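Here is what each chain is made of, one letter per residue.
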Amino acid sequence: MYKRGHTHTHAPAHKKEMSRVQLNNPGYWTSKTHKTWEDMLTGDLPETIKEEHPNLILTRNKPYFGVMVTGIDLSLETVGYETRAYLEAIMAVHGIIIFKGQGGDKKYFTAKEQLNAVGQFGTHRIFSTHAIHKAAEHEAVFRLSNNEEHGFVQVGGGFHHDGLHNDAPFGHVSYHLQKVPLNGGPTSFNHMGNICDQLTNEHLSKMANLFTVNAHSGNLLPMLFPHPVTKRLQTFANPYQLAGIIRLIPDNTTSNLETQLLSEDEIYEVMKPIYDIANNNFYMHIWEEGDMIMSNNITVCHRAEKSAFKDPESNGLRILHRVTLEGRHTLVPNAIRRVAPWLDDNYVDVEGKRDLTKYTTIENKKRKNNENSPLWVDDGKGWSIGNATFKRH
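Each chain carries its own residue numbering, running from 1 in the direction its sequence is written. Owing to the predicted nature of the model, reporting of local features is limited to residues with pLDDT of at least 70; listing and counting of side-chain atom pairs is limited to 80 or more, with chain, interface and lining totals taken over all residues. Think of the side-chain values as coming from all heavy atoms in the structure, minus any hydrogens and water.

A. Molecular detail of unusual backbone geometry. For the bond running from Lys62 to Pro63, omega is 5°, close enough to zero to count as cis. Put simply, DSSP H or I for four residues or longer makes a helix, DSSP E for two residues or longer makes a strand, and each gets a number counted from the N terminus. Structurally, the position occupied by Pro63 is in the loop between strand S2 (57–60) and strand S3 (67–70). Phi is positive for Lys107, which is not a glycine, with a value near 65°. Mapped onto the secondary structure, Lys107 falls in the loop between strand S4 (96–99) and helix H5 (111–118). Burial classes follow relative accessibility: with a 1.4 Å probe on protein chains only, a residue under 20% of its type's maximum area counts as buried, one over 50% as exposed, and anything between as partly exposed. The partly exposed category is assigned to Lys107, whose relative accessible area is 43%. For His124, which is not glycine, the phi dihedral falls at a positive 65°. Mapped onto the elements, His124 comes out in the loop between H5 and strand S5 (125–127). According to the relative accessible area criterion, His124 is buried, its value standing at 9%.

Structure below.
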């Protein structure tokens, strides 16, 4: 049974000689079929994918990002071993996969069908920390609606990622409308790598060595980081759980690390260009029966559009089921977590009301050697981890 805050594991259907770790790397498929990751899907599918799913068709969601998938119904068939890995690599690069024609003749997933479909991907571990609505078919499904009798209402308006309060944010997220209203009850997505590409080097420099503090858990997340799979430079959208932003100032001569808390004006100056871009350049998905979207929760953010909550009497009922997979990537190394005393259990603030002003400056915290400690380098043009440097995409 799935429990709130607990996990459930789906074992892969079968194994082949090539490990999933190797197959999940877009570079594996690039070296076999395409010159660059961004060119994935521009040619024929790899032969191994065709063998597993002869009817599978993948189409770029132009002029936006993401991929449309037809020729497979996850309620009726198990995804092949290499196909799962290929689709995960695509989600890391392109952000979202829009599965069309799901749910067989009924054109929707039951809660258990969606859980079984999603559990084939990522860590195979359904991880749920949400509230459970009285109408929910399953504890592990977050149920949203435009009618409070059928699901939680007015949730998810504003670009965000799911599970940022966890040490490792949710890895993949599945969205599916059991009931589609007349206007399609739209959900919008934004590719965080695309957003970073549009920020100036001057602004990226302002974001250098900044970390957000989560209001619910106190966890730290870097404002700029290389995607753990693609290494593409990106940021997070985090408007609703933002307790503060801190700046880490390394001293290369003394190995000390000073921590400063940004003022509200400074936070506004840093965040506004990000959301100016996000709010003016995004993909809005108009739902149709049988749609299921899976996202790489680090690559993209999402929001429910205001029209998704339109009166059900005039627009029809909207019921969205969300399923989340446990993440595998902790983005802040221990060397940096050690300078954040609010990460101690005594400082956890589930209501987001903690006063952080007493942490404005923390001096003389000795920085221990950690090859995975990220530092912004080259005047805001790249990110360095150990001996590797990743340039702006």
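B. The arrangement of the packing of aromatic side chains in detail. Here a Phe, Tyr or Trp ring, Trp counted by its six-membered ring, pairs with any other such ring whose centre lies within 6.5 Å, and the pair is stacked when the planes are under 30 degrees apart, edge-to-face when over 60, and tilted otherwise. Tallied over the entire structure, the rule returns seven aromatic pairs. Geometrically, the ring pair formed by Phe99 and Phe121 is tilted, given 6.5 Å between the ring centres and 50° between the ring planes. Of this pair, Phe99 sits in strand S4 while Phe121 sits in the loop between H5 and S5, and the two are 22 residues apart along the sequence. The residues Phe99 and Phe121 share a single accessibility class, namely buried.

C. Representation of the nonpolar core in the model. One finds Leu58, Leu74, Ile90, Phe99 and Phe121 to be the most contacted residues of the largest nonpolar core, which totals 32 residues. Elements with a minimum of two residues in this core: S3, helix H4 (81–94), S4, H5 and strand S16 (292–296). The leading source of residues in this core is H4, at six residues. Only heavy atoms enter the contact rule, under which two residues are in contact if any of them lie within 4.5 Å. If we skip the residues at most four places from it in the chain, Phe99 touches Val69, Ile72, Leu74, Leu87, Phe121, Gly290, Asp291, Met292 and Met294. One finds Leu199, Met223, Leu233 and Leu262 within the second-largest nonpolar core, a separate group that totals 22 residues. Here the nonpolar core consists of buried residues drawn from Ala, Val, Leu, Ile, Met, Phe, Trp, Tyr and Cys, with membership extended through side-chain atoms lying within 4.5 Å.

D. Main features of the sheet that holds strand S17 (residues 300–304). Any two strands between which DSSP finds at least two bridges are classified as paired. Spatially, S15-S8-S17 is the arrangement adopted by the three strands of the open sheet, whose pairing is antiparallel. Taken across any chain shown, the strands that pair with only one partner, and hence form the sheet edges, are strand S15 (283–285) and S17. Each neighbouring strand pair of the sheet contributes to a mean axis angle of 25°, computed without reference to strand direction. Alignment of strand S8 (residues 187–191) against S17, held across five bridges, turns out to be antiparallel. If you follow Ser188 over to S17, its bridge partner there is Arg303. Where helices are involved, their axes are fitted lines through C-alpha atoms of the stretch in contact, as for all axes, and angles between N-to-C directions lie from 0 to 180°.

E. Spatial organisation of the environment of Glu326. Mapped onto the elements, Glu326 comes out in the loop between strand S18 (319–324) and helix H10 (334–337). When the C-alpha positions of Glu326 and Phe127 are compared, they lie 5.0 Å apart, and in sequence the two are 199 residues distant. Definition of a polar contact: a pair of N or O atoms within 3.5 Å, with one able to donate and the other able to accept a hydrogen when the atoms are protein atoms, and with sequence-neighbouring residues admitted only if both atoms are side-chain atoms. A distance of 2.6 Å separates the side chain of Glu326 from the side chain of Arg125, its partner in a polar contact.

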